[in-house]
Amino acid sequence: MAADSPENFRLTVLNPGGRDPEQQFHGVPAPGEGPHPPINFHAFAACTFGAFHRDTRRALDETTPVLLLLRSDFRAPERALTELKREGRTVAVSLKETGLHQIAHQLRDPAKLSRFMKIVANADGCIATTPEAAEIYQRVRCKRERATVAFIPTPYPIEDQRWDFSVPAAEQSGIFIGTREWDVASRNHFAALLVSRELCETTGELVTVVNLDGYKGRRLLGKLNFPKGKLRLIEKWKAYPDYLRDVARHKIVLQLDRSHVPGQVAGDALLCRIPCVGGDGAIERIAFSKTCGEGKTISEIASTALDLLKNAELHAAVVAESQQLARERLSFEAVRSQLANLFANAQGTSAIEP
């Protein structure tokens, strides 16, 4: 077996100066094990049995290729890239926040934009967790070495039975709202709540909303006049496994998000084995292509949600298809292979400019 084969490939994810916990992944942790669940960028380390670090020197000690996350004002990542390349590491980069609204917000400052352009140009490659981010990286790199830019979705441990949070269909009821931000226009949280209220009135299904805005959020929700006793609020942060257990008790996850994010809401739905309806995240477009919101009107999404709430056979078919697609493209095994291929193409392609 070759040292650079997908089976042997290990990756270090570096978030210089960040606050996310450092972690070694000698195996896939069970739910509740370790300081951080194997999701989002920690999942890239977990699926390769690699490591997640905040300190560049500790990342260098791993002697593996590095995925460098770009955050804050990009000063720390810029310094880290110089140090990593000096030591001969193969380095791919990725923005840590990759929704379209998040990218626009980060790059509206001239100094940050200048650093971003330089970092992306000098890295050996770029990993994009959305197709839209991949197009941005490709254009920054001026069409050269496009094989070293890849859209690789954040993986989920679909193949690990310990991460199967499904419950029997007879124990599922209600609609879980996937968004929670009133003040981010592209989330369309208000519109999603209106759709869920209509579905609640039609079907009698309970609606669950995460409200972390306290009194202000409760006051806003109160103005929507949900049927009495049909609105359930989650108002405290929960450990990730406990949160998934909550989600899994519902029939569907509903949102109208138009942010083109990586799609953790849909990833959570995959682990819970329930349909995700209405968003346009990368994972939704892969695993829930028939129920996602890409190219659909709000009325069409509401109709899809209603069908899933009423038709058990359709519900089961959507879940089965999403699991098959996830195993093919979003599982730890599938994404490990994608990462290995990207770094094989990227090895030694760029050097730091003087």
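Relevant structure appears above.
Summary of the structure given here.

Calculation notes
- Residues numbered from 1 in each chain as written.
- Predicted model: local features only at pLDDT ≥ 70, side-chain atom pairs only at ≥ 80, totals over all residues.
- Heavy atoms only, no water.
- Buried < 20%, exposed > 50% of the residue type's maximum accessible area, 1.4 Å probe, protein only.
- Helix = DSSP H or I, 4+ residues; strand = E, 2+ residues; numbered from the N terminus.
- Pairing = 2+ DSSP bridges.
- Right-handed = clockwise from strand over helix to strand, strands pointing away.
- 1 Å grid on protein atoms, 1.4 Å probe; cavity = no way out; pocket = protein on both sides within 12 Å on 5 of 7 lines; lining within 4 Å.
- Points joined across faces, edges and corners; volume = space filled by probe spheres on them.
- Nonpolar A, V, L, I, M, F, W, Y, C, P; charged D, E, K, R; others polar.
- Contact = heavy atoms within 4.5 Å.
- Axes fitted to C-alpha atoms, helices over the stretch in contact; angles between N-to-C directions.

1. Brief notes about the pairing of strand 5 (residues 91–95)
In step 1: Of all 5 residues in strand 5, 5 are buried, a share of seventy percent or more.
In step 2: With burial as the criterion, each face of strand 5 is covered, one bearing V91, V93 and L95 and the other bearing A92 and S94.
In step 3: With 5 bridges connecting them, strand 4 (residues 66–70) and strand 5 associate as parallel partners. Counted as the bridge partner of V66 is V91 from strand 5.
In step 4: Following the backbone out of strand 4, through helix 3 (residues 75–86) and into the adjacent parallel strand 5, one traces a crossover that is right-handed.
In step 5: One ladder, built from 2 bridges, connects strand 5 with strand 6 (residues 125–128); its direction is parallel. Bridge pairing in strand 6 links A92 to G125.

2. Re the layout of surface pockets
In step 1: Reported here for the largest pocket is a volume of approximately 1,200 Å³.
In step 2: In terms of lining, the largest pocket is formed by 38 residues, of which the most central are N40, R180, R187, W237 and Q264.
In step 3: Those elements that place two or more of their residues in the lining of the largest pocket are helix 1 (40–47), helix 9 (240–248) and helix 10 (264–272).
In step 4: When the residues that make up the lining of the largest pocket are grouped by side-chain class, the tally is 15 nonpolar, 12 polar and 11 charged.

3. Re the sheet that holds strand 12 (residues 276–277)
In step 1: If you trace the 5 strands from one edge of the open sheet to the other, you get 10-9-8-11-12, paired in parallel fashion. Only two strands of the sheet have a single neighbouring strand rather than two, namely strand 10 (231–234) and strand 12.
In step 2: Taken together, the 3 bridges between strand 8 (residues 175–177) and strand 11 (residues 252–254) define a ladder with parallel strand orientation. Residue pairing across strands places I177 opposite L254, the latter belonging to strand 11.
In step 3: Across the sheet, helix 12 (residues 298–310) lies against strand 8, strand 11 and strand 12, angled at about 165° from strand 11, the strand it touches most.

4. Side note on the environment of R218
In step 1: Take R218: it is sitting in helix 8 (residues 214–222).
In step 2: Between the C-alpha atoms of R218 and L113, which are 105 residues apart in sequence, the distance is 39 Å.
In step 3: Beyond its immediate sequence surroundings of up to four residues, R218 is in contact with N211, L233 and E235.

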